[in-house]
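Spelled out, the chains give:
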Amino acid sequence: MNQANMLPRGWAYFAIRSALAVIPCLFHATYVRAEEGCRYPDNCNVIWSTPSQNSFGSMPLGNGDIGLNLWVEENGDLLFYISKTDAWSELHRLLKLGRIRVRFSPNPFIEGRPFRQELKPGRGEVEIHAGEGDSAVATKIWVDANQPVIQLETTSNTPFDLQVSLENWRTEPREIVGTEAHSFYGMQGSAGPVESADTILPPQDDRLMWYHRNTTSPWSEIMRDQFLEEAIALGNDPLLHRTFGGAVKGAGLTAVNSTTLASRQSSPTHTVSIYALTDQTDTAERWVSRLTRLIESVDALPLEKAYAAHLEWWSSYWNRSRLRVWASGEAAQAASIVSRGHTLQRFVNACGGRGAFPIKFNGSIFTVDAVVRDRQGNTESFNADYRLWGGPFWFQNMRLIYWPMLASGDLDLMMPLFNMYLDTLPLARIRNQRYFGHGGAYFPETMSFWGTYSPDNYGDHSQGQHPSYVKNRYIKYHYLAAIELLAMMLDYHAYTQDRTFLRDKLLPLAAEVIDFYDLRYPRDERQRLRLEPAQVLETYHEPAVNPLPDIAALKWVLDALLRLPEDPDRALPRERWTRFRSEIPPLPSTVDSDGSIHLLPAETYGKRSNSENPELYAVFPFRIYGVGKPDLDIALRTYHKRHKKAHRCWHQDDVQAAFLGLAGETAEQLVSRFSQTDPASRFPAFWAAGNDWIPNQCHGGNGMMALQTMLLQAEGTKILLFPAWPKHWNVEFKLNAPYNTTVECSYQDGEVQWLKVTPADRKRDVTVLAPS
């Protein structure tokens, strides 16, 4: 993560904590583990036997685009924040839609009465049971997997009343200043930029409606300031007139005022529906009209049929892959932590990963109220709209959420990532031509969803700096995003063999990215590519020459591109790519006094400014070294000599250790990773902020990737099972592999119990290694 120009110098990565970090955590004592005998993923249901204090005690729920942070407070009120993946404000902040409060009368949540709140990932729902006898109330909340609606169904044997309130905190236009200012995507000035207030419409008989509408936008100013005037003609302003909000209604409910619905009479059943919409319309009235039509469309499908289809989607999702780890004796708890961590992170991915935009590494759509504290103990409070590092997408972090989706089979969740970069490719071409005067394309390490640099990263060019000048030294020459994205897309094609994807997505991007590297850099006296000016990730800044991550990426990606079959609809530039591949220099390395070799971050590099281990990018994400590959000893030596030893947030020790076959070390690191929950959060997969924000998505993604890699490593047609698996852990799994292959296996008590490979003829390509 880049530090420059984002936080005051007194603030630091490791001082970032959540609001209750200074308050002893009381939540985990009331967590009840699901029964070990339950089927996957029901064995990872999260069950709470007491209400929560506030939003830090929330459970996540969602349909991939609409998300909830849901909790019951000690006074009996049921609350949830509503979020949406495309709810971008005029300042490029990803906002909540609002908060809903549900109140029951009589109150079944009286202290001392039975209480049970259960998240059921397998069904994509939360069930809450409160009270006793005929007055007990059961509530089910689900976000329809197929429609933009939240459903709340509540029943009792005794009639009761229900009140539903919309709670809004954006009641006035607000200037964004101080510590929060780094999180907006707007122009810097003497006064902070202003975010508009929400609009709450006059009440209708049976419903409430509200929205946030962007009446201003910095988009065209940002484009001009970054010398991208030509790109303005490519499309409409993506922020201006973006309107997002929703409606609340329910049978038997009537509007008390513009923010409250109440039951007309007591009833043993109540159903509340909350509809969400984001759209860009020329008027607010047109947005309201579209929301009204959306409500009619959703309501046309009977609730029971919608629920059946919802359950079918979740059943299909969990059938793509499965992974359950268990053990006996002293290893039991560690195995349980790992198994639960993987399953719940995959659930969170599904809840927030099917929208119009990629998953935000810094909280996804599940941020809650927060306090940021610096090293001096000073604190500043924020509402749930806040997230550290703000609205831009940071590829260094975001990529780690997506790599494990290949083996999980969650390929549809990868498309928002691919599409964002493909949609911004025309702008990237224009930028490259404007900044460097040649063809090709690159993407900023940190960028808006429409493809520009963050203004505070790009800097003020009023003093006549060249358009290519980037103020933030942490990303100044950081161009690796596009070529690692290509590596991921090549794996996607290997897994799916999707020729349409190859022709329409992968190859157009590959042509531009390879051209960028080919045309951007000179050759040395041996006609080898010389990457200069350059930097080595965010860790070693200029002067740097031939950074290993970029060299490894070019070798890996070009080799994979040249292995692609001919496409009758699109000729590959094989001759040009073959010539360029021959010009890639060797990986930087050195010979120790004993004659042994280990890799270096670059041929030339300066002082260390961050905590990445660039030399290990030749292990992951560019898998030149690994189990069963040549020169494994070089990679192992490099790993053991690494400068930073860490397995939190975006640090990759556990993933790279797994690729190197280090079973014991990977297991130890993975247990530690999946134990690093945010100390103030009740949900066991809301990972600590680390270098990012809560819940930390690259932290969980790294954990998923490490666990999968311990079990299965695939290259070409070859599949290795248990390349880094500890023999004292039992496991049953179904994972995906290239060529539309699935591998299902059970390993217990030191023996493979059964193995199923689909299609069956792929079993000959599987090698089962002995766990250690």
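Preceding this section is the structure that the text describes.
The rules behind the values
- Residues numbered from 1 in each chain as written.
- Predicted model: local features only at pLDDT ≥ 70, side-chain atom pairs only at ≥ 80, totals over all residues.
- Heavy atoms only, no water.
- Helix = DSSP H or I, 4+ residues; strand = E, 2+ residues; numbered from the N terminus.
- Buried < 20%, exposed > 50% of the residue type's maximum accessible area, 1.4 Å probe, protein only.
- Contact = heavy atoms within 4.5 Å.
- Lys, Arg positive; Asp, Glu negative; His and termini not counted.
- Salt bridge = Lys/Arg side-chain N within 4 Å of Asp/Glu carboxyl O.
- Polar contact = N/O pair within 3.5 Å; in protein donor to acceptor, adjacent residues only side chain to side chain.
- Pairing = 2+ DSSP bridges.
- Axes fitted to C-alpha atoms, helices over the stretch in contact; angles between N-to-C directions.
- Parallel < 35°, antiparallel > 145°, perpendicular 65-115°, else oblique.
- Left-handed = near helix turned anticlockwise from the far one by under 90°.
- 1 Å grid on protein atoms, 1.4 Å probe; cavity = no way out; pocket = protein on both sides within 12 Å on 5 of 7 lines; lining within 4 Å.
- Points joined across faces, edges and corners; volume = space filled by probe spheres on them.
- Nonpolar A, V, L, I, M, F, W, Y, C, P; charged D, E, K, R; others polar.
- Phe/Tyr/Trp six-rings, centres within 6.5 Å; stacked < 30°, edge-to-face > 60°.
- Lys NZ or Arg CZ within 6 Å of the ring centre and 35° of its normal.
- Patch = residues over 30% accessible without salt bridge, like charges linked within 9 Å, V, L, I, M, F, W, Y side chains within 5 Å.
- Areas by Shrake-Rupley, 256 points an atom, 1.4 Å probe, with all protein chains shown as cover.
- Charge placed at Lys NZ, Arg CZ, Asp CG, Glu CD.

Undergrad: Tell me about the environment of Ala706, residues and numbers included.
TA: Its place among the elements puts Ala706 in helix α18 (residues 697–711). Looking at Ala706, the relative accessible area reads 0%, which means it is buried. Spatially, the C-alpha atom of Ala706 lies 37 Å from that of Phe115, the residues being 591 residues apart in sequence. Leaving out residues up to four positions away in the same chain, Ala706 has contacts with Asp654, Val655, Ala658 and Leu670.

Undergrad: Give a description of the side chain of Arg431 that names residues and reports values.
TA: Position of Arg431 relative to the elements: it lies in helix α9 (residues 425–436). Buried charge without a partner: Arg431 forms no salt bridge, and the closest opposite charge is Glu512, 11 Å away. Side-chain polar atoms of Arg431 contact the backbone oxygen of Gly451, separated by 2.7 Å. Beyond its immediate chain neighbours, meaning those up to four positions away, Arg431 contacts Leu228, Phe436, Tyr442, Phe443, Pro444, Gly451, Thr452 and Tyr453.

Undergrad: Summarise unusual backbone geometry; cite the residues concerned and give the values.
TA: What you tend to see is this: most non-glycine residues have negative phi, and most peptide bonds are trans. Cis geometry marks the peptide bond from Tyr40 to Pro41; its omega dihedral reads 0 degrees. With respect to the secondary-structure elements, Pro41 resides in the loop between β1 (31–33) and β2 (46–48). Cis rather than trans, the peptide bond between Phe620 and Pro621 has omega equal to 15 degrees. Phi is positive for Ser364, close to 50 degrees, though the residue is something other than glycine. Residue position: Ser364 is located in the loop between α5 (332–352) and β20 (370–373). With phi around 60 degrees, Asp631 is a residue other than glycine that occupies positive phi space.

Undergrad: For the sheet that holds strand β32 (residues 741–748), give the residues involved together with the corresponding values.
TA: Spatially, β19-β31-β32-β33 is the arrangement adopted by the 4 strands of the open sheet, whose pairing is antiparallel. Taken across any chain shown, the strands that pair with only one partner, and hence form the sheet edges, are β19 (322–326) and β33 (751–758). Sheet twist, expressed as the mean angle between neighbouring strand axes with direction ignored, is 15 degrees. Note that β19 and strand β31 (residues 730–737) share 5 bridges and pair antiparallel. Bridge pairing links Val325 to Val731 in β31.

Undergrad: Could you give an account of the packing of α9 against helix α12 (residues 499–520), naming the residues involved and the relevant values?
TA: Interaxial distance between α9 and α12 falls to 11 Å at its minimum, and their mutual angle equals 15 degrees. The angle between α9 and α12 places the two elements in the roughly parallel class. Between α9 and α12 lies a crossing of left-handed hand. In this structure, α9 contributes Leu425, Arg429, Asn432 and Phe436 to the contact, and α12 contributes Pro508, Leu509, Glu512, Phe516 and Arg520.

Undergrad: Give me the lowdown on the layout of surface pockets, citing residues and values where you can.
TA: A water-sized probe rolled over the atoms picks out the places where empty space is left. The volume enclosed by the largest pocket comes to roughly 730 Å³. Lining the largest pocket are 31 residues, with Asp491, Ala494, Arg623, Glu715 and Gly716 positioned closest to its centre. Among the secondary structure elements, those contributing two or more residues to the lining of the largest pocket are α7 (405–408), α11 (480–496), α13 (548–563), α18 and β29 (712–715). Ranked by residue count, the leading element in the lining of the largest pocket is α11, at 6 residues. Of the residues contributing to the lining of the largest pocket, the split by class is 18 nonpolar, 6 polar and 7 charged.

Undergrad: How would you sum up the packing of aromatic side chains? Please name residues and give values.
TA: Applying the stated criterion across every chain yields a total of 48 aromatic pairs. Centre to centre, the rings of Phe674 and Trp687 are 5.3 Å apart; their planes meet at 40 degrees, and the pair counts as tilted. Here Phe674, found in the loop between α17 (663–673) and α18, pairs with Trp687, found in the loop between α17 and α18; they are 13 residues apart in sequence, far enough to count as distant. Under the relative-accessibility criterion, Trp687 is labelled buried at 0%. By way of ring pairs, the aromatic residues Tyr435, Phe436, Tyr442, Tyr453, Tyr458, Tyr479, Phe516, Tyr517 and Tyr521 are connected into one cluster. It is Arg324 that lies over the ring of Trp326; its NZ or CZ is 4.3 Å from the centre. A cation over an aromatic ring shows up here: Arg520 above the ring of Phe436, its NZ or CZ 4.0 Å from the ring centre.

Undergrad: Please provide a residue-by-residue account of a negative patch on the surface, values included.
TA: Together, Glu221, Asp225, Glu229 and Asp460 give the surface a local cluster of negative charge. Assignment of secondary structure puts Asp460 in the loop between α10 (455–458) and α11. Judged by relative accessible area, Asp460 falls into the exposed class, the value being 55%.

Undergrad: Mind laying out the environment of Thr424, listing which residues take part and the relevant values?
TA: By the secondary structure assignment, Thr424 is in the loop between α8 (415–423) and α9. Among the residues examined, Thr424 registers a relative accessible area of 3% and is labelled buried. Ignoring sequence-local partners within four residues, the contact set of Thr424 consists of Phe443, Met447, Phe449, Trp450 and Gly451. At a separation of 3.0 Å, a polar atom in the side chain of Thr424 contacts the main-chain carbonyl oxygen of Met420.

Undergrad: Could you give an account of the sheet that holds strand β24 (residues 534–536), with specific residues and numbers?
TA: Sheet strands associate in pairs through backbone hydrogen bonding, adopting either a parallel or an antiparallel arrangement. Here 3 strands make up an open sheet; going across it, the order is β24-β25-β28 and the pairing antiparallel. Looking along the sheet, the strands with just one partner apiece sit at the ends: β24 and β28 (602–604). The mean inter-strand angle of the sheet, taken between neighbouring strand axes irrespective of direction, is 75 degrees. Pairing analysis gives 2 bridges linking β24 to strand β25 (residues 540–547), with the strands arranged antiparallel. Note that in β25 the partner of Val536 across the bridge is Tyr540. On the sheet, α13 packs against β24, β25 and β28 and is oriented at approximately 35 degrees with respect to β25.

Undergrad: Give me the side chain of His212: which residues, what numbers.
TA: With respect to the element layout, His212 can be found in strand β14 (residues 207–213). Here Asn214 takes part through its side chain, which lies 3.4 Å from a polar atom of the side chain of His212. If we skip the residues at most four places from it in the chain, His212 touches Ser89, Glu90, Leu95, Arg170, Glu195, Ser196, Ala197, Asp198, Arg242, Thr243 and Phe244.

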